[in-house]
Amino acid sequence: MVELKTDTSIDAMREAGQVVARALTAARQAADVGVSLKELDELAHGVLREAGATSPFLGYLPSFAPTPFPAVLCASVNDAIVHGVPDHYRLRDGDLVSLDFGAELRGWVGDSALSFTVGTPREADLRLIETAERALAAGIEAAVVGNRIGDIAHAIGTVCRAAGYGIPDGFGGHGIGRRMHEDPSVPNEGRPGRGMRLRHGMVLAIEPMVIGGGTDGFHAAPDGWTLKTDDGSRAAHAEHTVAITDAGPRILTAR
């Protein structure tokens, strides 16, 4: 069941979204050659504590996972698509990093992700990241009252496929509100004009994931959480929490 949020609730979600934005900005600025993923997680945790917020990631245990998620930040490097577990890996020159972060504040949740390179970038990585960001922008542009979920999915998929990139099947965006994952599911590829109609008060986490090698295959790493590309190519991830309003899409996690 999809819960329509009031304008007051959307404002409250914006406050949670701004905690997310601050944490991702701080982690992005701190990410440099030699910095460990664990250090980035600790930094993000500090932003939560300062805001009086909690993490919807820490301790999360979906059906596919062998153990609860042990961190507040997902940190996925190079061929990791999403759900990377922060460990003592130290960033190297040329790494492609995707950070995904959520915050719960006064009962409302925000969720966002970004990708970037560390040190000297590869041109191919910059194109991959730029495509993920364009796909996110296209999905948000389609998130208007009267459209359907399929219009968002189609907009995202069109951008990714036109660039020659793969899309991991079965992973995409979702409704969000009192919980991190709510109805409806928001695929990253689909047919326009299909699916649930968008209404004022719906709030969605829209999150394209793109695989640089052009194939869609992925597998779980030994930690049971990190999803990696089957062909070893690099991946990028972009995400915002977006409210559907009569005035147009409102990005609640804008940085």
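Above this note sits the structure.
Parameters at a glance
- Residues numbered from 1 in each chain as written.
- Predicted model: local features only at pLDDT ≥ 70, side-chain atom pairs only at ≥ 80, totals over all residues.
- Heavy atoms only, no water.
- Salt bridge = Lys/Arg side-chain N within 4 Å of Asp/Glu carboxyl O.
- Helix = DSSP H or I, 4+ residues; strand = E, 2+ residues; numbered from the N terminus.
- Buried < 20%, exposed > 50% of the residue type's maximum accessible area, 1.4 Å probe, protein only.
- Axes fitted to C-alpha atoms, helices over the stretch in contact; angles between N-to-C directions.
- Parallel < 35°, antiparallel > 145°, perpendicular 65-115°, else oblique.
- Left-handed = near helix turned anticlockwise from the far one by under 90°.
- Contact = heavy atoms within 4.5 Å.
- Phe/Tyr/Trp six-rings, centres within 6.5 Å; stacked < 30°, edge-to-face > 60°.

Undergrad: Give a description of the pattern of salt bridges that names residues and reports values.
TA: Applying the stated rule across the entire model yields 10 salt bridges. The residue Glu182 makes a salt bridge to Lys5 at a minimum N-O spacing of 2.9 Å. Here the residue Glu182 occupies a position in strand β6 (residues 182-186), and Lys5 occupies one in the segment before α1 (7-30), the gap between them amounting to 177 residues. Relative accessible area serves as the criterion here: at 10%, Glu182 is assigned to the buried category. Taking the relative accessible area as the measure of exposure, Lys5 reaches 5% and is therefore buried.

Undergrad: Provide a residue-level description of the packing of helix α3 (residues 123-141) against helix α4 (residues 149-162), including the pertinent values.
TA: Look at α3 against α4: their axes get within 8 Å of each other, and the N-to-C directions meet at 155 degrees. What the angle tells us is that α3 and α4 run roughly antiparallel. Crossing of α3 over α4 shows right-handed handedness. Taking contact as the criterion, the partners of Thr131, Arg134, Ala135, Ala138 and Gly139 in α3 are, on α4, Ile152, Ala155, Ile156, Val159 and Cys160.

Undergrad: An account of the environment of Ala247 is needed here, citing residue identities and associated values.
TA: Tracing the chain through its elements places Ala247 in the loop between β12 (240-243) and β13 (250-251). Judged by relative accessible area, which is 80%, Ala247 ranks as exposed.

Undergrad: How would you summarise unusual backbone geometry if you had to cite specific residues and measurements?
TA: Apart from glycine, the bulk of residues carry a negative phi angle, and the bulk of peptide bonds sit in the trans form. Residue Pro184 is reached from Asp183 by a cis peptide bond, and omega for that bond is 5 degrees. Examined against the element boundaries, Pro184 turns out to sit in strand β6. A positive phi angle, near 65 degrees, is found at His83, a position not held by glycine. Relative accessible area serves as the criterion here: at 17%, His83 is assigned to the buried category.

Undergrad: Talk me through the packing of aromatic side chains; I want residue IDs and the actual numbers.
TA: Tallied over the entire structure, the rule returns 3 aromatic pairs. Between the aromatic rings of Phe64 and Trp225, the centroid separation amounts to 5.5 Å while the plane-to-plane angle is 75 degrees, which identifies the pairing as edge-to-face. Taken together, the residues span a long stretch of sequence, with Phe64 in the loop between α2 (37-51) and β1 (73-77) and Trp225 in the loop between β9 (218-220) and β10 (227-229) at a distance of 161 residues. Residue Phe64 is classed as partly exposed on the basis of its relative accessible area of 42%. Plain terms: the ring middles of Phe171 and Phe218 are 5.3 Å apart, the flat faces sit at 85 degrees to each other, and that makes the pair edge-to-face. Taken together, the residues Phe171 in the loop between α4 and β5 (173-175) and Phe218 in strand β9 connect sequence positions 47 residues apart.

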